[in-house]
Amino acid sequence: MLLSCSTPPSIAKECSSPGLSASGSRSSPGLSARQYNKPNAISIAEKNPITTRLKEALNVELPLQLPISSYDTAWVAMIPSKTNDVVPQFPKSLNWLLENQHPDGSWAFNPTHPLLIKESLTSTLAAILALQTWNTAPQLVDKGLDFVANNLWAVADNHQNSPFGFDIVFAGMIEYAGVNLGLNIPMDSCLVREMCRERDLKIRSDSFKDVACVAEGLIGGSYEHHWNEIIKYQRSNGSLFNSPSTTAAAFLQLRDEKCFDYLNSLVEKFDSAVPTLYPIDIYSHVSMLDNLKKLGIDRHFKEEFDTVLDDVYRSWTKGSDEIFLNTECCAMTFRLLRLNGYQVSSDVLSDYDNKEHLLHSYNNDTKSILELYKASQTSIFQIEPILDRIQQWTASHLQQALSSGSIQESSLQAEVDYALKHPYASLERIESKNYIGNYNIDNNQPHKASYRFLGIDNKDLMAYSSKDFNFCQAIHQKELEQLEGWVKKYEINSLKFARQKIRYAYFAVASDIFQPHLTDARAAWAQNSVLTTVVDDFFDFAGSMEELLNLIDLVERWDSHSVVGFKSKDVEILFNAIYGTINDTAAKAQIQQGRCVKSHLIDIWITLLRSMLMEAEWAENKTVPTMYEYLTNGYVSFALGPVVQIPLYFMGHQLPKEVVQTQEYNNLFMHMSMIGRLTNDQVSVKREGAQGKLNSVSLQVALSRGSTTEEEAQAHVSRLIESHRGELLRMVVDKKDSLIPRSCKDLFWTMSKVLHLFYMTDDAYSSPSKMVSAVDAIIDQPIIFPTY
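**Some remarks on the overall build of the protein**
Each helix and strand in the protein was counted, giving 33 helices and 0 strands. The principal-axis extents of the C-alpha atoms in the protein amount to approximately 105 × 65 × 45 Å. Within the span of the protein, comprising 788 residues, buried residues form 58% of the whole. Of the contacts formed within the protein by residues at least 6 apart in sequence, a portion of 74% connects residues at least 24 apart.

Structure representation (structure tokens):
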């Protein structure tokens, strides 16, 4: 619980005319949200045509635009009529092939893409099979065969992007062309034998489900006995894996009516040519939400974001195959729903707590494993064994993939590297800067045939998000300039004993709370972070006990402080800075809150100072507190109260007095502060031990009289951190039983991420050199994006 504080009733704390400092001079007006207001920020998005296109793409009422797949269309074109086997059931699909061969003889998705030659081979060969099946357009067949012959070099080129199941599908079609259709494929017989041998090895070594995903590679030949097992993977919509090509192959083998109904409905919907996956609406919308979040522009689509999540949650509760039979979609959906307050159980991920279920699967690649890793970090309970096991094996696998260089796509490689280096510390601006900097401008999504979501070009998205980032950064630079002026105004920079942290304090808040209209919140965070840092240094080693008591007495008396006087120049500087800043802050808060909150802001500071005094008295008297005494006082003395609780009044919501007095409010503060105290203790135990100070690690060892090692104490502290982190996240995302607005609760969660960033391996807050590059990247260095 929070330490209580009783302030003498004689103290005048009412909100009066703002801006008078302790010396009576007019203070700086401070930073005002009116300088960078919300309408100006939003207008940038409203004037951009990409905003309209994105909103249309996120509209769940509009049909999803998907590109056609010549590969899958060719398989559909092979389906014979139900009444006459010598004519096609879907002549429009066959006609589409006749009309859409490229000049080079291929039916490629992107004939100019230098790394998609393998895909062009499979698409072209499938089209050749379809035309040959109906003995039509021999000149197109010959032209297609020439393309295959001229590009066979790509089969053995490991630098080429390989479609899912290429080894099985391409070899299977080659065999089917020769054995079943009598086509003479212009290939070296030794190469054909080697391809078929590799295919047979993969079929025997891969899981049966993995083989079933690309079962069109097994059509005809010696694998007919597999189809009775393959059809067991048929989904409720009649398809196999929502794949037109695999479903068409299944119908050719088994004449299954549900397969036919799926294909028939697909051709009716798309008229002639079909996509490579359908349905894919949920994955499309969820991945778009995640992409906008990582690009840092999701705030422009709040209404659409909420509508999509509501729609996806309805599908989740109905057990949609589209979600639960796709690992990447399931993990991403779980994470987004949970972090946005929807009730979802981690039990749905139980199939993935064993890596053998996923590795080597065509449909569960590095991206899927990365999504599982991210999902595992959303524990909202003290113990969620499934998520814990998933986190362990996915982290290990991703690290191995990075080390071995097996992740070919550079943007995905960068995303994996960032995720592994920032567990529980992914601040939005840092992630966006990295994500935009490594953004894959190639729209192509890999599958058996590449596809892209139509409507938005990745080049446009990159330019859009880059401009948005730079716009916010320009605001941040101006804010920091004014904050540096605030430091000089109150002579904080003249305190020789104190760590000067305005740049780091501002970076901490701006890297997650970056929205232009939250200027006052950022200012309150940064100013109070600087003040708590210098006061902490004063209480730790710079101030005498007389000076400490003097400072507390001054703050408790507030407007009556003149009767006390200052015991030193340091005390005078510290008090004037606290007094003037809080007065200015209270005046701005009154405008936003519609009530005076000055008394609460002062109480927050008094509570902190009293907890710091208790630790100073322990040190002076050489008192060894119990662990309970240390923690109940220590989470308050860690000094996050002013840093987080004061900015809450500037997050765009009114917080009545009754709300800031609730147990929910106190618990949010306690869990956040415990994370800070304990993570700091873990990395500072050796330094503080050399100074003769005890913390939660060394205190355990001392109180155990040698029965507990430092390693055991560290492990215990780690478990405590996990417990508080899970409970904090549960409270933050809780929708049903919360009185505190989500944007306010997010401030507590932001601080927890900041704490993990600063204290992951060392005390980076006290060692500025460790954070220089990150601070520069967010505050000083704009994104330079190319023009296309």
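**A few points about helix 27 (residues 627-637)**
Helical periodicity: at 3.6 residues per turn, an α-helix aligns residues three or four positions apart in one direction. Summarising burial for helix 27: 8 of the 11 residues are buried, a large majority. Taken together, the buried positions of helix 27 are occupied by Tyr 630, Leu 631, Thr 632, Asn 633, Gly 634, Tyr 635, Val 636 and Ser 637. Where helix 27 is buried, its residues contact helix 26 (598-621), helix 29 (663-690) and helix 30 (696-703). Where helix 27 ends, the next residue or the one after it, Ala 639, has phi of about 75°, a positive value.

**Examining a nonpolar patch on the surface**
A cluster of nonpolar side chains, namely Val 624, Leu 694 and Leu 703, defines an oily patch on the protein surface of about 240 Å² accessible area. Secondary-structure assignment places Leu 703 in helix 30. Given the relative accessible area of 42%, Leu 703 is considered partly exposed.

**Observations concerning the side chain of Ser 346**
Turning to its location among the elements, Ser 346 is positioned in the loop between helix 16 (327-339) and helix 17 (366-375). On the basis of relative accessible area, Ser 346 is assigned to the buried category, the value being 6%. Separated by 2.9 Å, the side chains of Ser 346 and Glu 384 make a polar contact. Sequence-distant contacts of Ser 346, defined by excluding residues within four places in its chain, comprise Phe 334, Arg 338, Glu 384, Ile 386 and Leu 387.

**A look at the pattern of salt bridges**
Between side chains of opposite charge, a pair can form as their charged atoms come close. Taken as a whole and judged by the stated rule, the model has 38 salt bridges. Taking the shortest distance from any N to any O, the salt bridge between Glu 175 and Arg 199 comes out at 3.1 Å. Taken together, the residues Glu 175 in helix 7 (residues 166-179) and Arg 199 in helix 8 (residues 189-205) connect sequence positions 24 residues apart. According to the relative accessible area criterion, Glu 175 is partly exposed, its value standing at 25%. With a closest N to O distance of 3.2 Å, Lys 421 and Asp 417 form a salt bridge. Taken together, the residues span about one helical turn, with Lys 421 and Asp 417 both in helix 19 (residues 410-421) at a distance of 4 residues. A single salt-bridge network, built from bridges that share partners, covers Asp 290, Lys 294, Arg 335, Glu 371, Lys 374 and Glu 415.

**What about the nonpolar core?**
Core analysis: the biggest nonpolar cluster contains 250 residues, and Trp 75, Leu 349, Phe 539 and Phe 758 have the highest contact counts within it. The element contributing the most residues to this core is helix 23 (residues 519-542), with 11 residues. Beyond its immediate sequence surroundings of up to four residues, Phe 758 is in contact with Tyr 504, Phe 507, Ala 508, Asp 763, Ala 764, Tyr 765 and Met 771.

**A few points about the environment of Phe 497**
Topologically, Phe 497 is positioned in the loop between helix 21 (458-489) and helix 22 (502-510). For the pair formed by Phe 497 and Ala 542, sequence separation is 45 residues and the distance between their alpha carbons is 6.4 Å. With sequence-adjacent residues up to four places away left out, Phe 497 is seen in contact with Val 534, Asp 537, Phe 538, Phe 541, Ala 542 and Asp 570.

**Comments concerning unusual backbone geometry**
Between Tyr 278 and Pro 279 the backbone carries a cis peptide bond, its omega angle lying at 0°. With respect to the secondary-structure elements, Pro 279 resides in the loop between helix 12 (257-270) and helix 13 (281-295). The phi dihedral of Asn 242 falls on the positive side, at around 55°, and the residue is not glycine. Inspection of the secondary structure puts Asn 242 in the loop between helix 10 (227-230) and helix 11 (244-254). One non-glycine residue with positive phi stands out, namely Arg 255, at about 55°. Under the relative-accessibility criterion, Arg 255 is labelled partly exposed at 39%.

**What to know about the confidence of the model for the protein**
Averaged over all residues, the pLDDT of the protein is 89; the fraction at 70 or higher stands at 91%. Below a pLDDT of 50 lies the segment residues 17-43, which in the model reaches 49 contacts outside its immediate sequence neighbourhood of four places, other chains included. For residues 359-364, every residue scores under 50 in pLDDT, and the model assigns this stretch 18 contacts once sequence neighbours within four places are set aside.

**Comments concerning the packing of helix 29 against helix 32 (residues 742-758)**
Between helix 29 and helix 32, the shortest axis-to-axis distance is 9 Å and the interhelical angle comes to 5°. Considering their axes alone, helix 29 and helix 32 lie roughly parallel with respect to each other. Contacts between helix 29 and helix 32 involve Glu 664, Leu 668, Phe 669, Met 672, Ile 675, Gly 676 and Thr 679 on the former and, on the latter, Lys 745, Phe 748, Met 751, Ser 752, Leu 755 and His 756. Grouping the constituent residues of the contact of helix 29 with helix 32 by class yields 7 nonpolar, 4 polar and 2 charged.

What counts as what
- Residues numbered from 1 in each chain as written.
- Predicted model: local features only at pLDDT ≥ 70, side-chain atom pairs only at ≥ 80, totals over all residues.
- Heavy atoms only, no water.
- Helix = DSSP H or I, 4+ residues; strand = E, 2+ residues; numbered from the N terminus.
- Buried < 20%, exposed > 50% of the residue type's maximum accessible area, 1.4 Å probe, protein only.
- Contact = heavy atoms within 4.5 Å.
- Patch = residues over 30% accessible without salt bridge, like charges linked within 9 Å, V, L, I, M, F, W, Y side chains within 5 Å.
- Areas by Shrake-Rupley, 256 points an atom, 1.4 Å probe, with all protein chains shown as cover.
- Salt bridge = Lys/Arg side-chain N within 4 Å of Asp/Glu carboxyl O.
- Polar contact = N/O pair within 3.5 Å; in protein donor to acceptor, adjacent residues only side chain to side chain.
- Core = buried A, V, L, I, M, F, W, Y, C linked by side-chain atoms within 4.5 Å.
- pLDDT = per-residue confidence, 0-100.
- Axes fitted to C-alpha atoms, helices over the stretch in contact; angles between N-to-C directions.
- Parallel < 35°, antiparallel > 145°, perpendicular 65-115°, else oblique.
- Nonpolar A, V, L, I, M, F, W, Y, C, P; charged D, E, K, R; others polar.

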